[in-house]
Amino acid sequence: MMASWVVGLIGAVLTLVGIVGFVSGPVLLVFGINTLHNFVHLASGILGLLAAGVSGGRWASLYARAFGIIYVMVALLGFVAPGLMASLLAINMPDNWLHLGLGIVLSIVGFGMPAAVARRSG
């Protein structure tokens, strides 16, 4: 299943980023991080791994829908209230764009391709 594969991959990356964040300092590549941000990555990553692996991946689509919406909302909040997001989670502009992209990918995987795209490819 596509959802299980994508959610498993994203879960693994988020888990790894959460772990690496604890030893990297306040910036990981160009992305701002802090302890709370690392815990958020760990939690969402582990949940992704579980969703992809438990019950043959039946939870992967639900995870993709929920976290797709959550990551889009976090990105939008980061664009609208950057000071708040920076003070809470050390989120910076590169984080906002990454969260938006991640939210869009997860939403597409979770909710399925739009009907117009499906008709063109099928």
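Here is what the cut-offs are and how they apply
- Residues numbered from 1 in each chain as written.
- Predicted model: local features only at pLDDT ≥ 70, side-chain atom pairs only at ≥ 80, totals over all residues.
- Heavy atoms only, no water.
- Helix = DSSP H or I, 4+ residues; strand = E, 2+ residues; numbered from the N terminus.
- Rg over C-alpha atoms; globule rule 2.2 N^0.38 Å.
- Buried < 20%, exposed > 50% of the residue type's maximum accessible area, 1.4 Å probe, protein only.
- Phe/Tyr/Trp six-rings, centres within 6.5 Å; stacked < 30°, edge-to-face > 60°.

Draft legend 1. Fine view of the overall build of the chain. Summing up its helical and strand segments, the chain has six helices and two strands in all. Ordered by position from N to C terminus, the α and β elements of the chain give α-β-β-α-α-α-α-α. Here the C-alpha atoms of the chain give a radius of gyration of 15 Å, agreeing with the 14 Å that 2.2 N^0.38 yields for 122 residues. Its C-alpha atoms give the chain principal-axis dimensions of about 45 × 30 × 20 Å. Every one of the 122 residues in the chain was classed for burial, and the buried ones make up 38%.

Draft legend 2. Expanded view of the packing of aromatic side chains. The full count for this structure, using the stated rule, is four aromatic pairs. Where Tyr63 meets Phe67, the ring centres are 4.3 Å apart and the plane angle is 25°; that geometry is what we call stacked. With Tyr63 and Phe67 both in helix 3 (residues 60-80) and four residues apart, this pair spans about one turn of that helix. Both residues of the pair, Tyr63 and Phe67, count as buried. Between the aromatic rings of Phe79 and Trp97, the centroid separation amounts to 4.8 Å while the plane-to-plane angle is 65°, which identifies the pairing as edge-to-face. Here Phe79, found in helix 3, pairs with Trp97, found in helix 5 (residues 93-111); they are 18 residues apart in sequence, far enough to count as distant. On the accessibility criterion, Phe79 (27% relative accessible area) is partly exposed. One aromatic cluster is present, built from ring pairs that chain together Tyr63, Phe67 and Tyr71.

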